[in-house]
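Commentary on secondary and tertiary structure
Below, each chain spelled out in residue letters.
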Amino acid sequence: MTDPVECIVVGSGCSGAIAAGTLVDAGVRVTMLDVGHRDERYARAIPARDFVSIRREESGQHRYLIGDEAEGVVFGEIAEGEHITPPRRHIMRDVDRLIPLASETFRPFESLGYGGLGIGWGLGCWEYSHAELRAAGLDPAAMRDAYQHVGDRIGISGVRDDAAAYTVGDLRNLEPPTQMDRNHGLLLRGYERRRAALRRRGFVLGRAPLALLTEDRPGRGRYAYRDMDFYSDADRSAWRPWIAVDELREGNALRYVGGQLVCRFSERDGYVEVRALDVETGAARTHRARRLVLASSALGTARIVLRSLGDRAAQVPLLCNAYAYIPCLQPGLVGHEVEAPKLGFSQLSLFHDADGAHRDVAMASLYSYQSLMLFRIVKQAPIDLADARVLMRWLMSGFLLMGLHQPDPGSAARRLWLGPDRTSPTGDRLEARFAFSADERRAHQRRRRRFIAAMRSMGAYALRTVDPGPGGSIHYAGTLPFADREQPLALDRTGRVHGTERVFVADGSGFRYLPAKGLTFSVMANAHLVARHAAGRS
Amino acid sequence: MSALALEAARFGRYLLDGVEPAPAAVARYVDLIEHDARPVTAADASLLRFARTRPWSIGPIDAALALSAPYAEVRRRLHLMFAILESTPEHHDRFLPERRGTRYLGVVLAAGGRAVARAAIGIPLVRFLRQ
């Protein structure tokens, strides 16, 4: 039997990539186990051109815009992941087969791709406030340093503006902000006119800090405003976890083993044994390490820990932000020509702080609509498609989409557990019960109405509200909450799984509260801290 | 011309307001539908046949289904053709937004009126064809 490796990191998503980088920096030899599906079909077909030029001139555009099998054309009721474009669809590959989840009330979005959910991450890097960090069970002082470390590593563009306390917090070394497109620019001007009244109502609008370079870095180029962000990672301007993992692999600092679905672990004398499934052959594989760092997202990590440490009746909590997206119209921009150059990512964030204490904060990310094309929206008009084309084409330049997240303080009504499933290669499936109480639903609706009113006062009028139901936010956490005392299915403050010596969790599983701000940046900062502890134990 | 190619050409012309679809778009539609193993119900097949052979009926059938069965097979195929045309460079000028003055509101209102008229014709037609 070979000697155990120093450390195994499970998962190549945002938390896995950051944890692996920190471990390598500390001199630890890391093996990364991952399923790691990639796009091997479209990436090379996408030219380094802007969206409008491609639409006008490229004869092969249908391949990556709608897909060789038209897999990017989703018809039917609004479905999870329907905005995922063909070059990104490997993000969802094999999820139903390999990591099934059965629930009437919870429809999450998971990934087994190389880079995990980070493949489609919107790049928003909002710092949690100290109040939010404390509620989540995280140490504000340590996290402040970790935010800076991760920010320096990935590169963040942003600005210290009206909303800085909600966005960039204490971050330094920001690259200049991106140029705003006309929809965001118009909204910001509306905000500046009504700023005092909006602030009295608890609203503040500011630039979204993005993991997107506006200055060149070694190996990565500044953003070129091609508006192809939903299709390609050209110039590596946008930070993606696979970029970091590729760099570690190129430097021989990390050994990557793909095609491995990690199922369970068990601690032995001086090492951890990790059982995995080879996803190609179905064969069982065993890996051994002195330390194990789980970074498979809150749901994936819960599966592994429940199989390894839970009994049949074990249940764990689950946090997920209530989410709705609200298409709005800016009448002043209707009937405008296609915009180029342009940025596809969210450029503004709107916050509502209920009492100014930075704890109960809801957040909306704002997006203009262009490169996802007309075919995704015409089907929603209750008229024939030929006339819908005329109408939507005219309206499209005035669309502004608001994705509204609300914080989740947790509840006993939101739980996860493992159930048997003979059709699953692991013999089980995750099951979930997720419900908001009547009071919570009323509070969510009240807040939605406030956001709609705030947008109206800035010149953007809500057309409808789409509630995809629990799970639609793609923000999951809290399955193994931090606990100061030793207790089963929980983490200590260093991210170590209680009841183990050598097993750490570097994703958002430990969070005891899920703020509305996108959690990715905080998960990465926490992963850095957990990896430092794991390195210390190696 | 095969039945599917005829369907593609007529759906394309309808979606492009009378403009002939590019041959590559027609070929792409035929290829995708031929490789689509999805079963078609008898009622949907009858609607498809009628729409294919009587191009004037495509708009009314589409408009009626948009209200009563927005995800029916005819609409799914029209939507697929829409996406194919939108990603065909020859037709970019029918899909990319253009600068429009206030007078263009008249065109939009006319399209709205046409949609209502199509639905008024299509609702009894679809009801009859689905019997």
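Residues numbered from 1 in each chain as written. Chains lettered and ligands numbered in written order. Predicted model: local features only at pLDDT ≥ 70, side-chain atom pairs only at ≥ 80, totals over all residues.

A word on the pairing of strand β11 (residues 322-329) of chain A
Residues and elements named next belong to chain A. A large share of β11 lies buried, amounting to seven of its eight residues. As defined by bridge partners, β11 adjoins strand β14 (residues 399-406) across eight bridges and the pair is classed as antiparallel. Among the inter-strand pairings, Pro327 is bridged to a residue of β14, identified as Leu401. In this sheet, strand β17 (residues 461-462) lies alongside β11 in antiparallel orientation, the contact comprising two bridges. Paired with Cys328 across the strands is Ala462, a residue of β17. (Buried ≥ 20, exposed ≤ 12 C-beta atoms within 10 Å, placed from the backbone. Helix = DSSP H or I, 4+ residues; strand = E, 2+ residues; numbered from the N terminus. Pairing = 2+ DSSP bridges.)

Things to note about helix α6 (residues 140-154) of chain A
Residue and element names in this part refer to chain A. Taking 1.5 Å per residue as the helical rise, α6 with its 15 residues ought to reach 21 Å, and the 21 Å between its terminal C-alpha atoms agrees with that figure. Listing the buried residues of α6 in full gives Met143, Ala146, Tyr147, Val150, Gly151 and Ile154. Each buried residue of α6 lies within a common arc of 135° when the element is viewed along its axis, so the set occupies one face. Among the exposed residues of α6, those pointing more than 90 degrees away from its buried face are Ala141 and Asp152. At the C-terminal side of α6, Gly155 shows a positive phi close to 85°. (Expected span 1.5 Å × (residues − 1). Arc of directions from axis to C-beta.)

Re the nonpolar core
Side chains of nonpolar character tend, in soluble globular proteins, to be buried together. Residues and elements named next belong to chain A. Residues Ala19, Ala20, Val293 and Met402 are the most contacted members of the largest nonpolar core, which totals 208 residues. Broken down by element, the residue count for this core peaks at 10 residues, all from helix α13 (residues 520-537). In this structure, Ala20 is in contact with Val9, Val30, Met32, Val245, Leu248 and Leu254, ignoring residues within four places of it in sequence. (Core = buried A, V, L, I, M, F, W, Y, C linked by C-beta atoms within 7 Å. Contact = placed C-beta atoms within 7 Å.)

Focus on the interface of chain B and chain A
Facing the 37 residues of chain B at the interface are 36 residues of chain A. Mapped by element, the contributors of at least two residues to the side of chain B that touches chain A are α1 (3-15), α2 (23-34), α4 (58-68), α5 (73-86) and α6 (104-129) of chain B. When grouped by side-chain class, the residues that make up the side of chain B that touches chain A number 21 nonpolar, six polar and 10 charged. (Nonpolar A, V, L, I, M, F, W, Y, C, P; charged D, E, K, R; others polar.)

With respect to the confidence of the model for chain B
In this model, chain B carries an average pLDDT of 96, and 100% of its residues clear a pLDDT of 70 or more. Of the two predicted TM-score estimates for the complex, the pTM is 0.96 and the ipTM is 0.98. (pLDDT = per-residue confidence, 0-100.)

Details of the sheet that holds strand β13 (residues 361-368) of chain A
Residues and elements named next belong to chain A. Across the sheet, six strands lie side by side as β4-β12-β13-β14-β11-β17; this open sheet has antiparallel pairing. Each edge of the open sheet is held by one strand with a lone partner, namely β4 (203-207) and β17. For strand β12 (residues 348-353) and β13, the ladder comprises six bridges, and the chain directions are antiparallel. When the bridges of β13 are listed, Ser349 appears paired with Ser365. Packing of helix α7 (residues 182-200) onto the sheet brings it into contact with β4, β12, β13 and β14, and relative to β4 it is tilted by some 145°. (Axes fitted to C-alpha atoms, helices over the stretch in contact; angles between N-to-C directions.)

Quick word on the pairing of strand β16 (residues 428-434) of chain A
Side-chain positions along a regular strand alternate between the two faces of the sheet. All names here are of chain A. Relative to β16, strand β3 (residues 101-102) is paired through two bridges, and the arrangement is parallel. Across the sheet, the residue bridging to Leu101 is Leu430, located in β16. Of the pairings in the sheet, the one linking strand β15 (residues 414-420) to β16 comprises seven bridges and is antiparallel in character. Directly across from Arg414, in β16, lies its bridge partner Phe434.

Focus on the packing of α1 of chain B against α2 of chain B
Residue and element names in this part refer to chain B. Axis separation between α1 and α2 bottoms out at 9 Å; the angle between their running directions is 125°. By the angle between their directions, the pair α1 and α2 is classed as oblique. Considering only the axes of α1 and α2, their crossing is right-handed. On α2, the residues that touch Leu4, Ala5, Ala8, Ala9 and Gly12 of α1 are Ala25, Val26, Tyr29, Val30, Ile33 and Glu34. Looking at the contact of α1 with α2 residue by residue, the class counts come to nine nonpolar, one polar and one charged. (Parallel < 35°, antiparallel > 145°, perpendicular 65-115°, else oblique. Left-handed = near helix turned anticlockwise from the far one by under 90°.)

Thoughts on the sheet that holds β3 of chain A
Residue and element names in this part refer to chain A. Here we have four strands laid out as an open sheet, ordered β3-β16-β15-β9, and mixed in their pairing. Since the sheet does not close on itself, it has two edges, and those belong to β3 and β9 (315-317), each with one partner. Strand contacts of helix α9 (residues 297-309): β9, β15 and β16, with the helix running at about 55° to β15, the strand carrying the most contacts.

Regarding helix α1 (residues 14-25) of chain A
All names here are of chain A. Over its 12 residues, α1 runs 17 Å from end to end, which matches the ideal 16 Å to within 8%, given 1.5 Å per residue. Among the 12 residues that make up α1, 11 are buried, leaving the element largely enclosed by the rest of the structure. By the burial criterion, the buried members of α1 are Cys14, Ser15, Gly16, Ala17, Ile18, Ala19, Ala20, Gly21, Thr22, Leu23 and Val24.

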